[in-house]
Amino acid sequence: MQGPLLLRAAWVVPQAGVPPLRDAAVLITNGRIAAVGPNLPAPEGADVIDLGAAVLMPGLVNAHQHGRGISQLAMGYPDRPLEPWIAARLQHGPPDIHAVTRLAAEAMLANGVTATLHANYSYGSGDYAAELRAQIAAYRAAGLRATVCVGVQDRGVPVYPDADAAAFIAGLPDDARALVTGPAPAPYMADWDASVALMDALHAETADDPAQTLAWGPAGPQWVSDTLWAQVAADAARRGVGVHFHLLESPAQAAAARRLYPEGTLARLRTCGVFAARTSCAHGVHMTPADMDIALAEGLAVVLNPGSNMRLFNGPPPVADLRRAGVRLAVGTDNCALADDEDLLREMRLAALLGRADGAIPAGDEAASLLHMATAGGAAAAFLPEDHGVIAPGAPADLAAFATDRIGIDTQTDPARLVERLLAQGSGRDCVLTVVAGAIRYAARPEDRARLAHWQALASASVAARAARAPAAAVAELQTALSTHYAVHAGRHPVAALRDAGGYFHMPSLPKPVSLGERAAMDDTSRATAEQEHDMIERIDTGQRMSKIVKHGGVAYLCGQVGEGATVAEQTRDCLSRVDALLTKAGSSRDRMLQAVIWLADMADFAEMNAVWDAWVPEGHAPARACGEAKLARPELRVEIIVTAAC
């Protein structure tokens, strides 16, 4: 049992929104706060640490990360849009998982983080249980409080939704196709029963350590079926554990969700019973107002990961909208922070700046709101007990201290501006003390820096020694195919997918039809302008005989498309690829098709054509369709397709 510990500092911040205490102290006994205030005497036998010009505050909570302690750039995964970035991991086998996770834990402690949520992640070793055990052991050894998620997934490979998989795979080059069709282990455990057995075993193995807890980590809506969501929710509610998942992180995920969940993503999860358990999600970049309303009503915490979102081309998180909606917020690094480190203060600052993007001044005390996100808010998102995230008698002694000499905070600083100054100017490198459950885990001592360097060296060496798992050229082909595929489905120009940087750009928005009710409410000038826009005809790629696209009244009419190939299946596949390109050019997509007319040179090819068509059409978004037999323009042509779509 630890003896008493008295920490003195120039400033003590008891919790977000509470005035700081000048020249105060915190007394710790048996891993919990015994007292806080000025002029606290040191009990007999207590260790006393005078932090001097420092701010002592509740420890930070990194509420979403994956235990990847090595820089993603050093791992060989430069910034790309999310889906091809994930595919890059196919090239290598796993590093030393314990070393890489231990490095992440040590780096978090060095930045004032006392607790974290380890989200679902698999290195694809084929032994997910061993991976999780190595990660849990790393957090325990480092002394970092951790909620570790047991991941589950049952769909969404190699693309989402599953309805697109057959056509996507058929269009891949041979080497890339082999990557996604060859033997491969399940992303996590083999099935739900195996996942439950693993959760049972890990619960038994961690029962002696209150700093290590478990949660379910369903990968995200596009990766998890309704049936699996319901199973996870019921089991989580029975056990009293949380459910943490990725939500609407990328443009591709948002496009998939619109097809999978026409009623709304969180509306579907509500139907599956997910919110019967405690829940938190990461990212939420593409949440709709309806999603935010449900998040508020169901107590869903949203963990912002602003650096990761910007680096992986997902766009900024809707910080201002989430705040206005009253949604509970937390912050994480995703091991892909702005500076590729574990500096949570910097990520908080980035979140604050992105929250000002719409020009509106945040209501209330912005600094207090940010501090709450990274302390009590993060603790809630990581499913820690309600007494976490504060310095108060009886609360767990999870504390962090930041030196203020570099920042310029001194005795003349206005106490009301102290937290604002710290969050605006401080960084992880100012951390001088991290205490978890009353134990000093980092104190900026030479031995602390040596320990961090030791795990950095071990993790780096293991990364360099990774086995090659797939040819680099095949992985690059798969990445290009994924970029093109998702660019088309997200309504973006597919040429962007060919850029090594992976950047996307939006098609220009086009006039939308105006309803009769809206017209009635307009003045004469506005009505005339709207009618003029509605009646406008736009012709694209127009020649002497025909236009490839004609747009009118919010509808795009495509010219007939034929394809190359020896069989009707090959011609249909090529033909539909051309339809995709025209739909994108028109500002539409295949899930907005209204009608399709298909002509076959021989109706005997009907079944072969339909096999390709059925794999291509988004589930739940089939257009009105007619198919007949006709003599086509050239003898070698077997199929022609004419599509009309909303735009």
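Everything below is about the structure shown above.
Residues numbered from 1 in each chain as written. Predicted model: local features only at pLDDT ≥ 70, side-chain atom pairs only at ≥ 80, totals over all residues. Heavy atoms only, no water.

Student: I tried to follow the packing of aromatic side chains on my own but got confused; where do I start?
Tutor: Ring pairs (aromatic) are described by centroid distance and by the angle formed between their planes. All told, the structure shown has seven aromatic pairs when counted by the stated rule. Ring geometry for Tyr121 versus Tyr123: centroids 4.9 Å apart, planes at 80°, classification edge-to-face. With 5.5 Å between their ring centres and 85° between their planes, Tyr160 and Trp223 make a pair best called edge-to-face. On the criterion of sequence distance, the pair formed by Tyr160 in the loop between strand S8 (145-152) and helix H4 (165-170) and Trp223 in the loop between strand S9 (212-218) and helix H7 (226-239) is long-range, its members being 63 residues apart. Neither residue differs from the other here; Tyr160 and Trp223 are each classed as buried. Three or more aromatic residues link up through ring pairs in this structure, and these residues are Tyr160, Trp223 and Tyr486. Just above the ring of Trp11 sits the side chain of Arg22; from NZ or CZ to the centre is 4.9 Å. (Phe/Tyr/Trp six-rings, centres within 6.5 Å; stacked < 30°, edge-to-face > 60°. Helix = DSSP H or I, 4+ residues; strand = E, 2+ residues; numbered from the N terminus. Buried < 20%, exposed > 50% of the residue type's maximum accessible area, 1.4 Å probe, protein only. Lys NZ or Arg CZ within 6 Å of the ring centre and 35° of its normal.)

Student: Even after reading the chapter, I still don't get the sheet that holds strand S18 (residues 547-552), so can you show me in this structure?
Tutor: The strand order S17-S18-S19-S22-S20-S21 describes an open sheet built from six strands, whose pairing is mixed. What marks the edges here is a single partner per strand, and that holds for strand S17 (537-542) and strand S21 (624-629). When the angles between neighbouring strand axes are averaged without regard to direction, this sheet yields 10°. With six bridges joining them, strand S20 (residues 593-600) and S21 adopt parallel strand pairing. The residue of S21 that forms the bridge with Trp599 is Gly628. Sitting on the sheet, helix H21 (residues 568-585) is in contact with S17, S18, strand S19 (555-558), S20 and strand S22 (639-646), with an inclination near 25° to S22. Sheet contacts for helix H22 (residues 606-616): S20, S21 and S22; angle to S20, the most-contacted strand, approximately 155°. (Pairing = 2+ DSSP bridges. Axes fitted to C-alpha atoms, helices over the stretch in contact; angles between N-to-C directions. Contact = heavy atoms within 4.5 Å.)

Student: Help me understand the pattern of salt bridges in this model?
Tutor: Two side chains that carry opposite charge are able to pair once their charged atoms sit near each other. Enumeration according to the criterion identifies 36 salt bridges in this entry. Of the charged contacts, one joins Asp174 and Arg177 as a salt bridge, the two residues approaching to 2.9 Å between their closest N and O atoms. In this pair, Asp174 and Arg177 are both assigned in helix H5 (residues 174-181), three residues apart and thus about one turn of the helix distant. Classification of Arg177 as partly exposed rests on a relative accessible area of 25%. Across the pair Asp541 and Lys585 runs a salt bridge whose closest N-O atoms are separated by 2.8 Å. Separated by 44 residues along the polypeptide, Asp541 in strand S17 and Lys585 in helix H21 bring together distant segments of the chain. A relative accessible area of 36% means that Asp541 is categorised as partly exposed. On the accessibility criterion, Lys585 (41% relative accessible area) is partly exposed. Via salt bridges that share partners, Arg102, Glu106, Arg445, Glu447, Asp448 and Arg451 belong to a single interconnected network. (Salt bridge = Lys/Arg side-chain N within 4 Å of Asp/Glu carboxyl O.)

Student: Explain the environment of Ala115 here, please?
Tutor: Position of Ala115 relative to the elements: it lies in strand S7 (residues 113-118). Residue class for Ala115 comes out buried when judged on its relative accessible area of 2%. Among all residues touching Ala115, those that are not within four sequence positions of it are Leu60, Val61, Asn62, Leu144, Arg145 and Leu384.

Student: Can you walk me through H22 in this structure?
Tutor: Turn by turn, an α-helix covers 3.6 residues, leaving residues three or four places apart pointing in a common direction. Where H22 is concerned, the buried positions are Met609, Asn610, Val612, Trp613, Ala615 and Trp616. Of the surrounding elements, those touching the buried residues of H22 are H4, H21, S20, S21 and S22.

Student: What should I look at first to understand the environment of Ala622 in this one?
Tutor: Checked against the element boundaries, Ala622 lands in the loop between H22 and S21. Judged by relative accessible area, Ala622 falls into the exposed class, the value being 59%. In this structure, the C-alpha to C-alpha distance between Ala622 and Arg590, residues 32 residues apart in sequence, is 8.8 Å.

Student: Sorry, what's going on with unusual backbone geometry here?
Tutor: What is expected of a backbone is that most residues other than glycine have negative phi and most peptide bonds are trans. The residue after Val157, namely Pro158, is reached through a cis peptide bond having omega 5°. By the secondary structure assignment, Pro158 is in the loop between S8 and H4. Omega for the bond connecting Tyr160 with Pro161 falls within 30 degrees of zero, at -5°, which places this linkage in the cis form. Within the fold, Pro161 resides in the loop between S8 and H4.

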